[in-house]
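Observations on chain architecture
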Amino acid sequence: MATQTLPQQPLHDLDEWDEFLEGRYKEGKSAEEFRVYDATATPGVAEFYRQNHENMTVEYVLAKEAEYFSLNKGQKTIWEAAEFLNTLVDDSDPDTDLTQIEHLLQTSEAMRRDGQPRWMVLTGFIHDLGKCLCLYGEPQWGVVGDTFPVGCAWSKDIVFHEYFAKNPDRLIPEYQTKYGIYEPNCGIENVHMSFGHDGYIAEVMKPYLRDESLYMLRFHSFYPWHKHGAYDHLCTEKDRSMLEWVLKFNQYDLYSKGHTKPDLKELKPYYDDLFAEFLPPTLAW
Ligand SMILES: [Fe+2]
Ligand SMILES: [Fe+2]
């Protein structure tokens, strides 16, 4: 398959955002270390968040949900989706960098080594397949980045919060209150989250996987919630009970990346069985 690079995008590649997260949430990080994440220290990441926060409006989110949540981009197997995502390469050192499939396998293999349930290993493998949105032409800021609800006040716990100053939703009073367009404790499943790879992959998997898995998929980048405890006023008891699974997942998402290349050929039979156990042969994307 032909490879593609990302033109004119602030991040060197999508992994730059993952590396930023890993640095930001590294355990034992002191307040001083935390401050290095400003616009001067990480200009690409800052520009990426500026674009994200200025453009992620209610109107934009509803339009993207209508476009992608109807799953009309064709049928693909999991392997086909993973191969498709693999055509997204970055222009950094091709010898040392891992492919997207290798990154997915590192996450799922770390779960498997720890004896996590099979449905969770599956979730680990598929969790970033939604990054193929980039290959459909979506900009980086509409694919990755921490996610947050739209249509209500932005939490101060959203990174680079200051960039919301130029978001047009700032001028709509209804969107600026604590609850905005939502009812108290309406459930985060019923909230319109900023659009990205998380929500998309959760929609693809919705008919097939259990709630714990869908929460891991849908909310894995919702750092303001799962790391900072924000937006509890929109949560139900179910959301709160699912949080422990999202946190369990996050450990692997943040820390499982290494530089040993997983052996796809050797691992493939295990994953063929795993996919067949939970999913139909092809899925609507
Ligand atoms: Fe992700
Ligand atoms: Fe990830």
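For the structure itself, look to the data block above.
Here is a short report on the structure shown in this document.

1. Considering the pattern of salt bridges
- Under the counting rule described, the total for this entry stands at 16 salt bridges.
- R50 serves as the salt-bridge partner of E47, at 2.8 Å between the closest nitrogen and oxygen. With E47 and R50 both in helix α3 (residues 43–55) and 3 residues apart, the pair spans about one turn of that helix.
- Taking the relative accessible area as the measure of exposure, E47 reaches 27% and is therefore partly exposed.
- R50 sits in the partly exposed class, given a relative accessible area of 28%.
- Close ionic contact of K261 with E102 constitutes a salt bridge, the shortest N to O distance being 3.3 Å. A residue pair is termed long-range when its members are at least 10 positions apart, and K261 in the loop between α11 (237–255) and α12 (264–278) and E102 in helix α6 (residues 100–113) qualify at 159 residues.
- We classify E102 as buried; its relative accessible area is 13%.
- Taken together, the salt bridges that share partners define one network made up of D18, D128 and K131.

2. Some thoughts on unusual backbone geometry
- Even without being glycine, N185 reaches a positive phi, approximately 50°.
- Tracing the chain through its elements places N185 in the loop between α7 (118–126) and α8 (197–205).
- Of the residues examined, N185 reaches a relative accessible area of 37% and is grouped as partly exposed.
- A positive phi angle, close to 65°, is found at Y231, a residue other than glycine.

3. Details of the coordination of the iron ion (ligand 2)
- At 2.2 Å from the iron ion (ligand 2) lie its protein donor atoms, namely H127 (NE2), D128 (OD) and D253 (OD).
- Sequence positions of the residues that donate to the iron ion (ligand 2) give the spacing H-D-x124-D.
- Separating the iron ion (ligand 2) from the iron ion (ligand 1) is a distance of 3.5 Å, and D128 supplies a donor atom to each of them. One end of the pair, D128, is in the loop between α7 and α8; the other, D253, is in helix α11, with 125 residues separating them in the sequence.

4. What to know about the packing of aromatic side chains
- Enumeration according to the criterion identifies 27 aromatic pairs in this entry.
- Relative to F222, the ring of F219 lies with its centre 6.1 Å away and its plane at 40°, an arrangement referred to as tilted.
- You can call F222 buried: its relative accessible area is 0%.
- Among the aromatic side chains, those forming a connected cluster through ring pairs are Y68, F69, F84, Y136, F195 and Y200.
- Its end group placed over the ring of Y136, K73 keeps NZ or CZ at 5.2 Å from the ring centre.
- In this arrangement the basic side chain of R112 is found over the ring face of Y270, its NZ or CZ atom lying 3.5 Å from the centre.

5. Re the coordination of the iron ion (ligand 1)
- Within the protein, the iron ion (ligand 1) binds to D128 (OD), H197 (NE2) and H220 (NE2); these donor distances fall in the range 2.0 to 2.1 Å.
- Exposure remark for H197: the relative accessible area of 0% places this residue in the buried category.

6. What to know about the packing of helix α9 (residues 211–219) against α11
- Where α9 contacts α11, the axes come no closer than 9 Å and their chain directions differ by 70°. Regarding the angle of α9 to α11, the classification is roughly perpendicular. For the crossing formed where α9 meets α11, the hand is right-handed. Of the residues in α11, those touching α9 at D211, E212, Y215, M216 and F219 are K238, D239, M242, W245, V246 and F249.
- Split by residue class, the contact of α9 with α11 holds 7 nonpolar, no polar and 4 charged.

Conventions we followed
- Residues numbered from 1 in each chain as written.
- Chains lettered and ligands numbered in written order.
- Predicted model: local features only at pLDDT ≥ 70, side-chain atom pairs only at ≥ 80, totals over all residues.
- Heavy atoms only, no water.
- Salt bridge = Lys/Arg side-chain N within 4 Å of Asp/Glu carboxyl O.
- Helix = DSSP H or I, 4+ residues; strand = E, 2+ residues; numbered from the N terminus.
- Buried < 20%, exposed > 50% of the residue type's maximum accessible area, 1.4 Å probe, protein only.
- Donors = N, O, S within 2.8 Å, 3.2 Å for Na, K, Ca; no water.
- Phe/Tyr/Trp six-rings, centres within 6.5 Å; stacked < 30°, edge-to-face > 60°.
- Lys NZ or Arg CZ within 6 Å of the ring centre and 35° of its normal.
- Axes fitted to C-alpha atoms, helices over the stretch in contact; angles between N-to-C directions.
- Parallel < 35°, antiparallel > 145°, perpendicular 65-115°, else oblique.
- Left-handed = near helix turned anticlockwise from the far one by under 90°.
- Contact = heavy atoms within 4.5 Å.
- Nonpolar A, V, L, I, M, F, W, Y, C, P; charged D, E, K, R; others polar.

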